[in-house]
Amino acid sequence: MFNPSREQVRQFFTEAWRKHRTAGVLTPLETMAVDLIELHPEYHADLEDPEAASADFSVEQGRTNPFLHLSMHLAINEQLSIDQPPGIKAAFQSLLATRDAHEAAHVIMEALGEVVWEAQRLGTPLDTEKYIDLIRRHAGRH
């Protein structure tokens, strides 16, 4: 299983963005990353700032970690592409009834963050049933 370090993740996103800005050749994964980066202009300066690659994006600063956020987008895209956990694709489709795809991905991201935090806090495996249920509940609210 691929498990990149924090530095490798940050380098991946900054390098993909650099290649895009200089009309370089992108890998398919870099193209997916650039598509996500383009949806987040608020992160462009961070991706162009060499200091950001080593910055801490603490909650106390009131800033979202752009690298974590983009990584979660990529993870969600992968989950949707293979419908893993089972039912995530249908739950995503339900969200699309009232939101665009990017907003729907952010709803999924909130649910993913919640179940990951809970699993880490309790020292248990990720509860995929709760994850899908949280997404479905959000779909029913709008």
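Small disclaimer: the values here were computed from a predicted structure and weren't measured.

(A) Inspection of the overall build of the protein at higher detail. The helix and strand tally for the protein stands at seven helices and zero strands. The helix and strand sequence of the protein, counted from the amino end, reads α-α-α-α-α-α-α. Relative to the compact-globule value of 14 Å for 142 residues, the protein shows a C-alpha radius of gyration of 16 Å, a close match. In terms of overall dimensions, the protein has C-alpha extents of about 40 × 30 × 30 Å along its principal axes. Contacts in the protein between residues far apart in sequence, at least 24 positions, make up 54% of those at least 6 positions apart. Accessible surface for the protein amounts to roughly 8,600 Å². Of this, 55% is attributable to carbon and sulfur atoms. Taken together, the 13 basic and 22 acidic charged side chains of the protein have centroids lying 3 Å from each other.

(B) Fine view of the packing of aromatic side chains. Taken as a whole and assessed by the stated rule, the structure comprises two aromatic pairs. Judged by centre distance (5.1 Å) and plane angle (70 degrees), the rings of Phe12 and Phe13 are edge-to-face.

(C) Fine view of the pattern of salt bridges. Evaluation of the coordinates by the stated rule reveals eight salt bridges. The salt bridge partner of Lys19 is Glu30, with a shortest N-O separation of 2.9 Å. Remark: Glu30 occurs in helix α2 (residues 28-38) and Lys19 occurs in helix α1 (residues 6-21); sequence separation between them is 11 residues. Take Lys19: its relative accessible area is 19%, and that puts it in the buried class. In this structure, the salt-bridge partner of Asp133 is Arg137, at a minimum N-O distance of 3.1 Å. Of this pair, Asp133 and Arg137 are both found in helix α7 (residues 128-141), four residues apart, which corresponds to roughly one turn of the helix. Among the residues examined, Asp133 registers a relative accessible area of 35% and is labelled partly exposed.

(D) A look at the packing of helix α4 (residues 66-82) against helix α5 (residues 88-95). Between α4 and α5, the shortest axis-to-axis distance is 7 Å and the interhelical angle comes to 110 degrees. When the interaxial angle is binned, α4 and α5 end up roughly perpendicular. Contacts between α4 and α5 involve Gln79, Leu80 and Ser81 from the former and Ile88, Lys89 and Phe92 from the latter.

(E) Representation of the side chain of Thr14. Here Thr14 shows up in helix α1. Of note is the side chain of Thr14, whose polar atom sits 3.0 Å from the backbone oxygen of Arg10. At a separation of 3.2 Å, a polar atom in the side chain of Thr14 contacts the main-chain carbonyl oxygen of Gln11. Those residues in contact with Thr14 that lie beyond four places of it in its chain are Leu47 and Phe67.

(F) Geometry of the nonpolar core. Residues Ile76, Ile88, Leu95, Ile108, Tyr131 and Ile135 are the most contacted members of the largest nonpolar core, which totals 19 residues. Of all the elements in the fold, those that place two or more residues in this core are α4, α5, α6 (101-122) and α7. Examining the composition of this core, we find that seven residues originate from one element, α6, more than from any other. Dropping the residues within four chain positions of it, Ile88 is found in contact with Gln79, Leu80, Asp83, Ile108, Tyr131, Ile132 and Ile135. Formed by 15 residues, the second largest nonpolar core is a distinct cluster that contains Val9, Val34, Ile37 and Leu47.

(G) Local environment of the packing of α6 against α7. Where α6 meets α7, the closest approach of the two axes is 9 Å, and the angle between their N-to-C directions is 145 degrees. Considering only the axes of α6 and α7, their crossing is right-handed. Judged by residue contacts, Val107, Ile108, Glu110, Ala111, Leu112, Glu114, Val115 and Glu118 of α6 engage Lys130, Tyr131, Leu134, Ile135 and His138 from α7. A class-by-class count of the residues in the contact of α6 with α7 yields eight nonpolar, one polar and four charged.

(H) Broad picture of α2. Turning to α2, its buried residues are Glu30, Ala33, Val34, Leu36 and Ile37. Down the axis of α2, the buried side of the element spans an arc of 160 degrees, and every buried residue falls inside it.

What counts and what doesn't
Residues numbered from 1 in each chain as written. Predicted model: local features only at pLDDT ≥ 70, side-chain atom pairs only at ≥ 80, totals over all residues. Heavy atoms only, no water. Helix = DSSP H or I, 4+ residues; strand = E, 2+ residues; numbered from the N terminus. Rg over C-alpha atoms; globule rule 2.2 N^0.38 Å. Contact = heavy atoms within 4.5 Å. Areas by Shrake-Rupley, 256 points an atom, 1.4 Å probe, with all protein chains shown as cover. Lys, Arg positive; Asp, Glu negative; His and termini not counted. Charge placed at Lys NZ, Arg CZ, Asp CG, Glu CD. Phe/Tyr/Trp six-rings, centres within 6.5 Å; stacked < 30°, edge-to-face > 60°. Salt bridge = Lys/Arg side-chain N within 4 Å of Asp/Glu carboxyl O. Buried < 20%, exposed > 50% of the residue type's maximum accessible area, 1.4 Å probe, protein only. Axes fitted to C-alpha atoms, helices over the stretch in contact; angles between N-to-C directions. Parallel < 35°, antiparallel > 145°, perpendicular 65-115°, else oblique. Polar contact = N/O pair within 3.5 Å; in protein donor to acceptor, adjacent residues only side chain to side chain. Core = buried A, V, L, I, M, F, W, Y, C linked by side-chain atoms within 4.5 Å. Left-handed = near helix turned anticlockwise from the far one by under 90°. Nonpolar A, V, L, I, M, F, W, Y, C, P; charged D, E, K, R; others polar. Arc of directions from axis to C-beta.

Functional significance is not addressed by these values, which are geometric in nature.
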